[in-house]
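Close look at the chain arrangement
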Amino acid sequence: MKLILFNKPFDVMCQFSSHPTRETLANYIKTPNVYPAGRLDADSEGLVLLTDDGKLQHKISHPNWKEAKTYLVQVEGDATSEQIAHLTQPLDLGDFTTLPCKAMRIAEPEWIWQRNPPIRERANIPTSWLCIILSEGKNRQVRRMTAAVGLPTLRLIRSGIGEYSLASHPLLPGESMEIAG
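It should be emphasised that the depicted structure is a prediction, and the values quoted were computed from it without experimental measurement. (Residues numbered from 1 in each chain as written. Predicted model: local features only at pLDDT ≥ 70, side-chain atom pairs only at ≥ 80, totals over all residues. Heavy atoms only, no water.)

Our focus in this paragraph is the overall build of the chain. Along its length, the chain carries three helices and 11 strands. In sequence order, the secondary structure elements of the chain are arranged as β-β-β-β-β-α-β-α-β-β-α-β-β-β. In terms of overall dimensions, the chain is globule-like: its C-alpha atoms have a radius of gyration of 16 Å, near the 16 Å expected for 181 residues. The principal-axis extent of the C-alpha atoms belonging to the chain is close to 45 × 35 × 35 Å. The long-range fraction of contacts in the chain, counting pairs at least 24 apart against all pairs at least 6 apart in sequence, stands at 73%. Just so you have it, the chain exposes about 9500 Å², and 50% of that area is on carbon and sulfur atoms. Within the chain, one finds 20 positive and 20 negative side-chain charges whose respective centroids are separated by 4 Å. (Helix = DSSP H or I, 4+ residues; strand = E, 2+ residues; numbered from the N terminus. Rg over C-alpha atoms; globule rule 2.2 N^0.38 Å. Contact = heavy atoms within 4.5 Å. Areas by Shrake-Rupley, 256 points an atom, 1.4 Å probe, with all protein chains shown as cover. Lys, Arg positive; Asp, Glu negative; His and termini not counted. Charge placed at Lys NZ, Arg CZ, Asp CG, Glu CD.)

Following this line, the structure appears as structure tokens:
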């Protein structure tokens with residue numbers, strides 16, 4: 001069984017099939033017959049796990065297993081304790097209601113790489129960093145959650161999935177490592 005940790009760069013599609021305008025996993029991962037266990041949108045960065053083991057892929061990505069996923073989120077605005085408390089509660093996002101999660105304000109992580117291209121910056125509007133830990137992961141969920149509490153996401157980095165993290169396995173964008181699975 002292969003297990004590959006990959007730090008997906010911004011603007012890369014989380015698929016191996018070709019895309020007309022963007023890079024894909026095939027530009028970075030040369031190991032045959034591995035597939036992502038879960039996805040990240042093109043405008044999100046960070047940890048993706050790839051495996052050739054269908055059972056492991058299912059366990060990591062299926063919501064029934066409730067594998068914790070940790071996101072570092074730079075948001076527009078000065079996040080208040082009320083907004084953060086609201087994030088931790090179930091949020092009705094229209095098509096589904098989120099499960100309770102953990103959310104906290106953090107200092108900008110010192111180990112985070114510069115994004116290419118950089119996020120937009122507005123001189124009059126501060127930004128905040130949050131750490132959000134979910135046990136689910138629906139399409140664009142973190143972005144929708146922060147927007148629902150008045151904190152639009154500027155940058156989204158998945159830093160951990162279950163026991164695997166970019167803190168314990170440091171990788172720069174585009175780098176990968178195979179670990180014993």
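Once that is clear, we can look at the nonpolar core. Formed by 28 residues in total, the largest nonpolar core has its most connected members in Leu-50, Val-73, Leu-87, Leu-130 and Ile-132. Counting residues per element, the ones that place at least two in this core are strand S1 (2–8), strand S5 (45–51), strand S6 (69–76), helix H2 (81–88), strand S8 (127–134) and helix H3 (141–148). Ignoring anything within four residues of it in the chain, the contact list for Leu-50 reads Lys-2, Leu-3, Ile-4, Phe-6, Phe-16, Leu-25, Ile-29, Val-34, Tyr-35 and Pro-36. In terms of nonpolar packing, the next biggest core, distinct from the first, is built from 17 residues, Leu-3, Ile-60, Ile-157 and Tyr-164 among them. (Core = buried A, V, L, I, M, F, W, Y, C linked by side-chain atoms within 4.5 Å. Buried < 20%, exposed > 50% of the residue type's maximum accessible area, 1.4 Å probe, protein only.)

Across all of its chains, the model carries one cavity of 30 Å³ or more by this definition. Considering only enclosed or pocket space, the largest cavity measures out at about 30 Å³ in volume. Along the walls of the largest cavity sit Glu-76, Arg-120, Glu-121, Arg-122, Ile-125, Thr-127 and Leu-154, which together make up its complete lining. By residue class, the composition of the lining of the largest cavity is two nonpolar, one polar and four charged. (1 Å grid on protein atoms, 1.4 Å probe; cavity = no way out; pocket = protein on both sides within 12 Å on 5 of 7 lines; lining within 4 Å. Points joined across faces, edges and corners; volume = space filled by probe spheres on them. Nonpolar A, V, L, I, M, F, W, Y, C, P; charged D, E, K, R; others polar.)

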